[in-house]
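Next come the chains, spelled out residue by residue.
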Amino acid sequence: MIHPTALVSSSARIDEGVEIGPYSIIHEAVWIKKNTKVGAYCELGLPTPLANQSQLAIGERSVIRSHSVIYAGSRIGAGLQTGHHVCIRENSDIAEGVQLGSRTDVQGDCSIGAYTKLHADVHVGKQSKIGSFVWLFPDVLLTNDPMPPSETLIGSVIEDYCVVASKVLVFPGVTIGNNSVIGAGSVVKADIPEWKLATGNPAKPSCDVRILRMPANPKEKAYPWRNRFHRGYPQEIVQAWIEQAQTMGRSK
Amino acid sequence: MIHPTALVSSSARIDEGVEIGPYSIIHEAVWIKKNTKVGAYCELGLPTPLANQSQLAIGERSVIRSHSVIYAGSRIGAGLQTGHHVCIRENSDIAEGVQLGSRTDVQGDCSIGAYTKLHADVHVGKQSKIGSFVWLFPDVLLTNDPMPPSETLIGSVIEDYCVVASKVLVFPGVTIGNNSVIGAGSVVKADIPEWKLATGNPAKPSCDVRILRMPANPKEKAYPWRNRFHRGYPQEIVQAWIEQAQTMGRSK
Amino acid sequence: MIHPTALVSSSARIDEGVEIGPYSIIHEAVWIKKNTKVGAYCELGLPTPLANQSQLAIGERSVIRSHSVIYAGSRIGAGLQTGHHVCIRENSDIAEGVQLGSRTDVQGDCSIGAYTKLHADVHVGKQSKIGSFVWLFPDVLLTNDPMPPSETLIGSVIEDYCVVASKVLVFPGVTIGNNSVIGAGSVVKADIPEWKLATGNPAKPSCDVRILRMPANPKEKAYPWRNRFHRGYPQEIVQAWIEQAQTMGRSK
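Model, not experiment: these values are computed from the prediction.

> How should the overall build of chain A be read in this particular structure?
Each helix and strand in chain A was counted, giving one helix and 32 strands. If you line up chain A on its principal axes, its C-alpha atoms span 60 × 45 × 25 Å. Here the contacts in chain A between residues at least 6 apart in sequence split such that 22% fall between residues at least 24 apart. Element-wise, carbon and sulfur atoms account for 51% of the exposed surface of chain A, whose accessible area totals about 9800 Å².

Right, here's the structure in full:
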């Protein structure tokens with residue numbers, strides 16, 4: 001189902017079951033894998049001299065919503081979900097199951113691990129490294145220039161299972177350790193160790209996140225969130241989380 | 001005047017005097033009421049399994065600017081004005097005379113009262129409740145998840161006549177009382193009573209807004225703003241505001 | 001090279017070497033000068049009753065990326081570069097060599113000096129005045145209303161060679177003096193003198209920026225940045241910067 005108004009290069013590779021919406025543009029050297037749906041007014045595979053390679057591969061079962069732009073030279077795993085007006089620049093490695101909210105911008109030379117979810121209006125500066133199963137909430141900004149303007153960008157690093165709440169600003173080169181939670185509106189100027197809650201400007205690590213409880217049920221531990229929040233993750237991953245939690249429970 | 005390149009479902013109901021711009025897409029179950037103007041590259045009535053009903057109704061005399069996206073399942077009153085690249089998700093109740101600035105995102109299950117004006121880049125999280133005659137300035141963010149990620153979202157509540165200045169972050173479930181004014185850049189972590197000025201991180205209520213004066217004319221009271229700012233409101237509403245102010249003046 | 005799907009008014013003036021991408025719309029009274037490239041889904045010259053004049057002139061060798069909107073009544077110099085989903089309102093004076101990142105919004109009645117670079121998501125409120133060779137990083141917001149909502153907007157002023165880092169909020173009517181540097185996440189509530197580093201909420205001027213050194217090479221002075229960062233500027237300008245630096249070096 002390629003809409004008759006879509007402009008698809010004859011060099012593009014469109015696998016079976018792909019849908020391309022009205023007025024979308026698919027450049028050459030794009031490979032859209034099977035059962036992926038592209039909305040209206042999307043432009044995929046925009047060429048740029050900054051791309052290390054000309055190909056753009058988009059994994060199967062992805063959903064790319066309207067008015068989104070993806071440049072040449074990125075590798076995107078299966079099951080990408082984007083909102084509207086999203087922008088992904090060149091040379092990014094995006095693993096399977098990633099979600100990018102509306103107007104989120106991945107600015108190039110980035111890596112995003114599996115099943116990581118970026119909400120709306122997240123700005124991922126060039127050379128950022130985001131792990132797997134990470135959550136970045138609306139308006140999070142990952143910067144990269146320690147003395148602007150400069151030629152040597154240093155992306156920040158967000159490790160696996162981190163939760164970064166809304167409107168957080170992360171300074172260049174900062175690492176947020178795995179499983180940490182950054183409170184909304186914080187400014188992260190220095191590294192945060194793993195498993196910490198950090199809040200404020202500058203963000204300071206306070207307690208271990210594993211002592212936090214759910215507001216609606218003080219008996220339920222809030223973190224690691226994978227012990228209580230499973231919606232949207234593949235069943236085998238959820239099963240592994242459950243087994244790991246049971247093992248840790250027994251070992252205590 | 002439906003542009004010949006617009007793709008309009010034969011099941012859509014398009015009233016008289018409606019204009020639809022080039023390349024726009026109108027899905028089935030959309031009802032656009034009379035004299036509404038839709039710009040270019042808009043997509044209206046995008047279906048989603050999250051919509052409680054399939055219809056999208058857009059009131060008369062609305063103006064929807066280019067590159068905007070409105071999902072199925074929302075009810076929008078007369079005289080909506082949007083900027084460009086706006087996004088409105090499903091199940092929202094938007095009263096008459098509402099204005100949504102460019103790139104503003106109403107994320108679903110929200111209500112927005114009459115003549116409320118959201119500037120550019122406002123992010124309205126799911127389940128937010130915004131009253132009537134409210135002003136939200138650029139980059140205001142209403143959050144909804146008290147322990148992210150979680151299944152139980154708690155939208156914030158912004159009551160009538162509130163003014164929330166630029167880049168304010170509102171925490172989940174917070175209520176800002178009617179006629180209050182939140183200073184630019186504040187972080188609102190707890191409820192704010194009515195008629196208060198609140199600023200800072202966390203935002204703390206300080207004086208009653210009715211003691212504030214206009215910088216250019218210290219004899220003129222700044223709030224309630226409806227006693228001095230009338231541009232864009234219907235004449236009968238302005239007349240009621242004037243009479244109310246006179247009554248209150250006499251009763252003092 | 002005007003794409004056959006582009007809708008170009010017969011009253012528009014399109015100089016030689018101009019490229020217009022698929023599905024773009026060029027209104028009447030638009031003058032696109034030679035060798036400019038307009039991407040897909042752009043709308044240029046959108047009429048508005050707020051425009052002081054109906055013409056929109058876009059200088060030669062400009063690049064306007066997809067999904068951007070430029071209103072009637074602005075004057076844009078040679079070599080404009082925009083990202084995607086950019087919005088420029090009416091009555092703005094944009095000098096040569098300006099760069100506007102994706103989703104950046106110039107809201108009208110603004111002036112932007114030569115070779116000034118705005119990154120992504122910068123919001124330039126009405127009546128802002130931005131000098132030449134300025135850098136505004138992602139999510140910077142220039143406000144203009146001292147007592148919102150009001151009729152008398154007072155734009156802020158950013159003087160030549162300033163650097164305003166990410167997520168900075170600038171209050172209405174504030175002037176940031178030439179060559180100053182504002183740290184990321186700051187809130188600028190009052191004027192900042194020239195040549196100062198200012199950080200915090202409220203931003204307070206601390207040291208002279210000329211004592212700052214590059215993190216990677218403590219022998220290299222960080223500011224004025226024009227002594228060390230030349231990428232993207234015309235050769236004659238860079239030459240003048242080098243000669244000026246040598247003269248100042250000798251005069252010490």
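> What is the right way to look at the sheet that holds strand S13 (residues 87–88) of chain C in this model?
All names here are of chain C. Reading across the sheet, the ten strands line up as S1-S4-S7-S10-S13-S16-S19-S22-S25-S28 and stay open at both edges, with parallel pairing between neighbours. Of all the strands in the sheet, the pair left with one neighbour each is strand S1 (7–8) and strand S28 (187–188). Across two bridges, the pairing between strand S22 (residues 141–142) and strand S25 (residues 169–170) is parallel. The residue bridging Leu-141 from the neighbouring strand is Leu-169, located in S25.

> I keep staring at the packing of aromatic side chains and nothing clicks. Help me out?
Given two aromatic rings, one states the distance between the centres and the angle between the planes to describe the pair. Applying the stated rule across the entire model yields 48 aromatic pairs over all chains. Relative to Trp241(A), the ring of Trp225(A) has its centre 5.6 Å away and its plane inclined at 85 degrees; by these criteria the two rings are edge-to-face. A residue pair is termed long-range when its members are at least 10 positions apart, and Trp225(A) in the loop between strand S32 (217–221) and helix H1 (235–251) and Trp241(A) in helix H1 qualify at 16 residues. Judged on exposure class, the residue Trp225(A) and its partner Trp241(A) are both buried. Between Tyr23(B) and Tyr41(B), the aromatic rings sit 6.1 Å apart at their centres with planes inclined by 10 degrees, giving stacked as the arrangement. Within this pair, whereas Tyr23(B) is found in the loop between strand S3 (19–20) and strand S4 (25–26), its partner Tyr41(B) is found in the loop between strand S6 (37–38) and strand S7 (43–46), the two being separated by 18 residues in sequence. When sorted by exposure, Tyr23(B) lands in the same class as Tyr41(B), which is buried. Among the aromatic residues, those joined into a ring-pair cluster are Tyr115(A), Phe133(A), Trp135(A), Phe137(A), Tyr161(A), Trp225(A), Phe229(A), Tyr233(A) and Trp241(A). One residue, Arg89(B), lies across the ring of Tyr71(B), its end atom 4.0 Å from the ring centre. Directly above the ring of Trp195(B) sits Arg210(B), whose terminal nitrogen or CZ lies 3.8 Å from the centroid.

> Explanation requested: the interface of chain B and chain C in the structure shown.
When the parts of a complex come together, some accessible area is lost, and that lost area is often used as the size of the interface. Each partner contributes residues to the interface: chain B has 33 residues there, and chain C has 33 residues. Taken together, both faces of the contact between chain B and chain C bury some 2500 Å²; the carbon and sulfur share is 65%. For the chain B face of the interface with chain C, the top three residues by lost area are Tyr23(B), Tyr41(B) and Lys167(B), together amounting to 22%. Viewed at the interface, chain C and chain B are joined by three salt bridges.

> For this particular structure, what's the right way to read the interface of chain A and chain C?
Opposite the 33 residues of chain A that make contact, chain C presents 33 residues. Both sides of the chain A and chain C interface together cover about 2500 Å² of buried area, and 64% of this is carbon and sulfur. Of all residues in chain A, Met147(A), Pro148(A) and Pro149(A) bury the most surface against chain C, accounting for 26% of the area lost on that side. For the pair chain A and chain C, the number of links is three salt bridges. A salt bridge links Arg231(C) to Glu151(A); the shortest N-O distance between them is 3.0 Å. The interface formed by chain A and chain C includes twelve residue pairs in polar contact (both at pLDDT 80 or more). Looking at the side of chain A that touches chain C, the elements that each hand over two or more residues are strand S7 (43–46) and strand S10 (69–71) of chain A. Residues that form the side of chain A that touches chain C fall into these classes: 18 nonpolar, eight polar and seven charged.

> How should the relation of the copies chain A and chain C be read in this particular structure?
A rotation about an axis combined with a shift along that same axis relates the two copies of the chain. Mapping chain A onto chain C calls for a screw motion: a turn of 120 degrees about the axis and a shift of 0.0 Å along it, with 0.0 Å RMSD after fitting. The two molecules are tied by a three-fold rotation axis, judged by turn and shift.

> Even after reading the chapter, I still don't get the pattern of salt bridges, so can you show me in this structure?
Two side chains with opposite charge may pair up if their charged atoms get near one another. Applying the stated rule across the entire model yields 28 salt bridges over all chains. A salt bridge links Arg75(B) to Asp93(B); the shortest N-O distance between them is 2.8 Å. Pair noted here: Arg75(B) is in strand S11 (residues 75–76) and Asp93(B) is in strand S14 (residues 93–94), with a separation of 18 residues, a long-range link. Overall, the relative accessible area of 36% leaves Asp93(B) in the partly exposed class. Ionic contacts of the salt-bridge type, sharing partners, join the residues Asp139(A), Lys167(A), Asp139(B), Lys167(B), Asp139(C) and Lys167(C) into one network.

> I'm lost on the nonpolar core in this one. Help?
Soluble globular proteins tend to pack their nonpolar side chains together in the buried interior. Residue and element names in this part refer to chain B. Judged by nonpolar contacts, the single largest core of 50 residues is most densely connected at Leu-44, Ile-88, Leu-100, Leu-136, Ile-158, Ile-176 and Val-188. Contributing elements (two or more residues each) for this core: strand S5 (30–32), strand S8 (56–58), strand S22 (141–142), strand S25 (169–170) and strand S28 (187–188). When residues no more than four places from it in sequence are discounted, the contact partners of Leu-136 are Lys-117, Leu-118, His-119, Val-122, Ile-130, Leu-142, Ile-158 and Val-164.

> Would you explain unusual backbone geometry in this entry?
Peptide bonds are mostly trans, and most non-glycine residues show a negative phi. The omega torsion across Asn201(A) and Pro202(A) is 0 degrees, close enough to zero to call that bond cis. Along the chain, Pro202(A) falls in the loop between strand S29 (196–199) and strand S30 (204–208). Positive phi, normally seen in glycine, also occurs at Tyr161(C), with a value near 65 degrees. Of note, Tyr161(C) is situated in the loop between strand S23 (157–158) and strand S24 (163–164). You can call Tyr161(C) buried: its relative accessible area is 14%.

> What am I meant to see in the pairing of S7(A) here?
Side-chain positions along a regular strand alternate between the two faces of the sheet. Bridging between strand S4 (residues 25–26) of chain A and S7(A) involves two bridges; their strand directions are parallel. Within S7(A), the residue paired with Ile25(A) across the bridge is Glu43(A).

> Hey, could you run me through the sheet that holds S7(B) in this one?
Strand pairing within a sheet occurs via backbone hydrogen bonds; the two strands may be parallel or antiparallel. Residue and element names in this part refer to chain B. With parallel pairing, the ten strands of this open sheet are ordered in space as S1-S4-S7-S10-S13-S16-S19-S22-S25-S28. Where the open sheet ends on each side, the last strands, each with one partner, are strand S1 (7–8) and S28. Inspection of the sheet shows S7 paired to strand S10 (residues 69–71) by three bridges, in the parallel sense. Across the sheet, Glu-43 pairs through a bridge with Val-69, a residue of S10.

> Could you clarify how one ought to interpret the side chain of Arg228(C) in this entry?
Relative to the elements of secondary structure, Arg228(C) occurs in the loop between strand S32 (217–221) and helix H1 (235–251). The charged side chain of Arg228(C) is buried without a salt bridge, its nearest counter-charge being Glu220(C) at 5.4 Å. A polar side-chain atom of Arg228(C) sits 3.2 Å from the main-chain carbonyl oxygen of Met147(A). With residues up to four places along the chain from it excluded, the contact list for Arg228(C) reads Met147(A), Pro148(A), Pro149(A), Ser150(A), Met214(C), Glu220(C), Lys221(C), Ala222(C) and Tyr223(C).

> Where do I start with the state of the cysteines in this structure?
Think of a disulfide as a covalent bridge from one cysteine sulfur atom to another cysteine sulfur atom. All names here are of chain A. Counted according to the given criterion, the structure contains zero disulfides over all chains. No disulfide involves Cys-87; its nearest neighbouring cysteine sulfur is the one of Cys-42, lying 11 Å away. Cys-207 forms no disulfide, and the closest cysteine sulfur to it belongs to Cys-162, at a distance of 14 Å.

> Explanation requested: the environment of Lys117(A) in the structure shown.
Residues and elements named next belong to chain A. With respect to the helices, strands and loops of the structure, Lys-117 is situated in strand S18 (residues 117–118). Sequence spacing of Lys-117 and Ser-132 is 15 residues, and the spatial spacing of their C-alpha atoms is 9.0 Å. When residues no more than four places from it in sequence are discounted, the contact partners of Lys-117 are Gln-99, Val-134, Trp-135, Leu-136, Arg-231, Gly-232 and Tyr-233.

Parameters and conventions
- Residues numbered from 1 in each chain as written.
- Chains lettered and ligands numbered in written order.
- Predicted model: local features only at pLDDT ≥ 70, side-chain atom pairs only at ≥ 80, totals over all residues.
- Heavy atoms only, no water.
- Helix = DSSP H or I, 4+ residues; strand = E, 2+ residues; numbered from the N terminus.
- Contact = heavy atoms within 4.5 Å.
- Areas by Shrake-Rupley, 256 points an atom, 1.4 Å probe, with all protein chains shown as cover.
- Pairing = 2+ DSSP bridges.
- Phe/Tyr/Trp six-rings, centres within 6.5 Å; stacked < 30°, edge-to-face > 60°.
- Buried < 20%, exposed > 50% of the residue type's maximum accessible area, 1.4 Å probe, protein only.
- Lys NZ or Arg CZ within 6 Å of the ring centre and 35° of its normal.
- Buried area = accessible area lost by both parts, 1.4 Å probe.
- Salt bridge = Lys/Arg side-chain N within 4 Å of Asp/Glu carboxyl O.
- Polar contact = N/O pair within 3.5 Å; in protein donor to acceptor, adjacent residues only side chain to side chain.
- Nonpolar A, V, L, I, M, F, W, Y, C, P; charged D, E, K, R; others polar.
- Least-squares fit on C-alpha atoms with pLDDT ≥ 70 in both.
- Core = buried A, V, L, I, M, F, W, Y, C linked by side-chain atoms within 4.5 Å.
- Lys, Arg positive; Asp, Glu negative; His and termini not counted.
- Disulfide = S-S within 2.5 Å.

Bear in mind that shape data such as this cannot, by itself, settle questions of function.
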